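Coordinate analysis (summary)
Residues per chain, in single letters:
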Amino acid sequence: MELTVLARVLFRRWWLVAAPVALSGALVIAGLIGQPAASAAGFNAQIRYSASQELNLPHPDGDYHHVWLASEYTVNAFTDWARSGSFRDEIVEWLADPGIDMSRLGIAADNARSVGLIYLSHSNSESLQKIAEAAMAVLGSRNQTYFPQLGGQPAQVTILDQPAITPAAPPLTNRMAPILRLGLGLFIGLVLAYLAEYLDLRIHHKDDLQKLGLHVLGAIPRHRL
């Protein structure tokens, strides 16, 4: 019974529900049309590399386990270095380009055993390309400065994939914004419809009479042409 009443209210006040939804839809469409072509979230690049300290030790019985273990330790150390401010400073010094806004540079790093990962982000794709090239150069030529266990000799670094510049995905809040706006418009429309129904004291249905304690003896159907 309650669902019937709700459906009756919506049928009678549909325009109050539709108006806020239509307004929200218009704002969503206007926002999508006016959105710039460039990625507002910026751009990303990923550097995958392997690294190992040069070892001049014999390999007994063909056992290379300690070589792989040393490589993993080296990549672990490089991951921590890439997260530090000194790695960023080295990139800035290597670039020596005042035209690149380094304040917009984001750096993150991780590794899966002997394979290291460096994540770079920037608002400008051309700047990010230069930064990625500088990061690879710094990674392979400046590491001995920060790790005395390398004995002053840079570790061997191999870039596994040339970094590709890709648009960053917009934040989840931006992607959900159109749905939230339409949902808000629907909510406002429902509130207006039921508020109007509550304030309307006219009789629209026999149920309205029954709520007043009056008995309905009969009803004259509406004449439709």
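The notes below deal with the structure included here. (Residues numbered from 1 in each chain as written. Predicted model: local features only at pLDDT ≥ 70, side-chain atom pairs only at ≥ 80, totals over all residues. Heavy atoms only, no water.)

What follows concerns the pairing of strand β3 (residues 115-122). Alignment of strand β1 (residues 43-52) against β3, held across 8 bridges, turns out to be antiparallel. Considered in β3, the bridge of phenylalanine 43 is made with histidine 122. By the bridge criterion, 7 bridges tie strand β2 (residues 106-112) to β3 in an arrangement that is antiparallel. The partner of asparagine 111 across the bridge, within β3, is glycine 116. What sits between the antiparallel neighbours β2 and β3 is a turn of 2 residues, in which arginine 113 has the positive phi angle 60 degrees. (Pairing = 2+ DSSP bridges. Helix = DSSP H or I, 4+ residues; strand = E, 2+ residues; numbered from the N terminus.)

This next bit is on the environment of glycine 185. Structurally, glycine 185 is set in helix α6 (residues 172-199). Measuring from C-alpha to C-alpha, the distance between glycine 185 and valine 21 comes to 4.5 Å, with 164 residues separating the pair along the chain. Those residues in contact with glycine 185 that sit more than four places away from it in its chain are Pro20, Val21 and Ser24. (Contact = heavy atoms within 4.5 Å.)

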